[in-house]
Amino acid sequence: MAHLRELTAWFLHSKSINGAQGLEVTLAMRVAVAAQACLLILNLDIDCFDNWVEVILYPGAFRVNHEHMDAMGLMHNEANVLTGESWLRGPVILSWDDVERDIYHPQPGRNVVLHEFVHKLDGLDGVANGLPPLRRGMSRERWAEDFSAAYEALCLQVAAGEPTAVNPYAATSPAEFFAVLSEYFFTAPDVLKDCCPGVHRQLALFYR
Ligand SMILES: [Zn+2]
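Residues numbered from 1 in each chain as written. Predicted model: local features only at pLDDT ≥ 70, side-chain atom pairs only at ≥ 80, totals over all residues. Heavy atoms only, no water.

**Q** Mind showing me how you'd approach the nonpolar core here?
**A** Soluble, globular proteins show a tendency: their nonpolar side chains are buried together. If you look at the biggest cluster of nonpolar residues, it comprises 55 residues, and the most contacted ones within it are Phe11, Leu94, Phe117, Leu181, Leu203 and Tyr207. Residues in contact with Tyr207, not counting those within four places in the same chain, are Leu40, Asn43, Leu44, Val118, Leu121, Arg135, Phe178, Ser182, Phe185 and Phe186. Formed by 5 residues, the second largest nonpolar core is a distinct cluster that contains Ala20, Ile56, Val64 and Ile93. (Core = buried A, V, L, I, M, F, W, Y, C linked by side-chain atoms within 4.5 Å. Buried < 20%, exposed > 50% of the residue type's maximum accessible area, 1.4 Å probe, protein only. Contact = heavy atoms within 4.5 Å.)

Okay, here's the thing in structure tokens:
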């Protein structure tokens, strides 16, 4: 616990947490974000949070426009309402409403702060693909095997319209799978252990 306090102080000192759309960010809000984010790196190196400096808090869920090119080469502009977003080489953006909801009304498998900062760990090697730089002694092959097997099983369940043990949003991509299953690792480890023991084992080795 003392270490989490130190890490939180380090986070507040080295990162800037700013409000958007007129949101006034208090010390309590900054501590709430920092302490949850630092849970992820409690037993990792602080270098894992090196590749960015800013956290932006919106008062509530926010709208973003994303352009993407489809297989035919046409550009599409999609508007989405998000509770959080993490840029590969940029800020982490969070909806304060949702951060607060996770604090006062926690639900197993749901934590927007953990989710977005897992994307930061994932993107440390330049690509967010569900495979972060692993600890010394861990096997990338074992990680890939355990994650792919569980990811493919979930995608099949979702495609078949079957109920899933974890949030089906995890089936969006390997990066989202890693982020969502990390939410379970910290908030509902038993659910994770039951449904994906291989992934639970890898995450236990990774986060310790
Ligand atoms: Zn995500």
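**Q** What is the right way to read the layout of surface pockets from this model?
**A** Where empty space is left becomes clear once a probe the size of a water molecule has been rolled over the atoms. Counted as a void, the largest pocket has a volume near 700 Å³. Looking at the largest pocket, it is lined by 26 residues, and the ones nearest its centre are Gly84, His115, Glu116, Tyr169 and Glu176. Of all the secondary-structure elements, those providing two or more residues to the lining of the largest pocket are strand E4 (75-82), strand E5 (84-86), helix H4 (112-122) and helix H6 (174-187). The class makeup of the residues in the lining of the largest pocket is 8 nonpolar, 10 polar and 8 charged. (1 Å grid on protein atoms, 1.4 Å probe; cavity = no way out; pocket = protein on both sides within 12 Å on 5 of 7 lines; lining within 4 Å. Points joined across faces, edges and corners; volume = space filled by probe spheres on them. Helix = DSSP H or I, 4+ residues; strand = E, 2+ residues; numbered from the N terminus. Nonpolar A, V, L, I, M, F, W, Y, C, P; charged D, E, K, R; others polar.)

**Q** Looking at this structure, how should I read the pattern of salt bridges?
**A** Opposite charge on two side chains permits them to pair, given that their charged atoms come into close proximity. Within this structure, the stated rule accounts for 6 salt bridges. Between Arg142 and Glu145 there is a salt bridge, with the nearest N and O atoms lying 3.6 Å from each other. With a gap of 3 residues between them, Arg142 and Glu145 both fall in helix H5 (residues 140-159), about one helical turn apart. Overall, the relative accessible area of 40% leaves Arg142 in the partly exposed class. Of the residues examined, Glu145 reaches a relative accessible area of 48% and is grouped as partly exposed. Asp146 serves as the salt-bridge partner of Arg142, at 3.6 Å between the closest nitrogen and oxygen. Here Arg142 and its partner Asp146 are both found in helix H5, 4 residues apart, which amounts to about one turn of the helix. A cluster of three or more residues bridged by salt bridges with shared partners is formed by Asp98, Arg101, Asp102 and Arg110. (Salt bridge = Lys/Arg side-chain N within 4 Å of Asp/Glu carboxyl O.)

**Q** I'm lost on the sheet that holds strand E2 (residues 54-58) in this one. Help?
**A** Adjacent strands of a sheet pair through backbone hydrogen bonds, lying either parallel or antiparallel. Taking strand neighbours across the sheet as the criterion, the 4 strands line up as E1-E2-E6-E5 in an open arrangement whose pairing is mixed. Of all strands in the sheet, those bounded by a partner on one side alone are strand E1 (16-19) and E5. On average, each strand axis in the sheet is tilted by 15° relative to the strand beside it, whichever way the strands run. When E2 meets strand E6 (residues 92-95), the two strands line up parallel, connected through 4 bridges. Each bridged residue has a counterpart across the sheet, and for Ile56 the counterpart in E6 is Ile93. Where helix H3 (residues 96-104) meets the sheet, it contacts E2 and E6, and its direction lies at approximately 70° from that of E6. This element, H4, spans E2, E5 and E6 of the sheet and lies at about 170° to E6. (Pairing = 2+ DSSP bridges. Axes fitted to C-alpha atoms, helices over the stretch in contact; angles between N-to-C directions.)

**Q** Looking at this structure, how should I read the coordination of the zinc ion?
**A** Working reference: metal with six octahedral donors, ideal angles 90 or 180 degrees; metal with four tetrahedral donors, ideal angle 109.5 degrees. Donor atoms from the polypeptide that bind the zinc ion are His115 (NE2), His119 (NE2), Glu176 (OE) and Glu176 (OE), placed at 2.1 to 2.7 Å. In this structure, the zinc ion is coordinated by 4 donor atoms arranged in irregular fashion, with angles at the metal of 53 to 142°. For the zinc ion, the single-chain donor residues occur in sequence as H-x3-H-x56-E. With His119 in helix H4 and Glu176 in helix H6, this pair connects stretches of sequence that are 57 residues apart. For His119, a relative accessible area of 11% puts it in the buried group. Overall, Glu176 belongs to the buried group, its relative accessible area being 13%. (Donors = N, O, S within 2.8 Å, 3.2 Å for Na, K, Ca; no water. Tetrahedral: all angles 85-135°; square planar, octahedral: opposite > 155°, others 65-115°.)

That is the geometry; function is a separate question.
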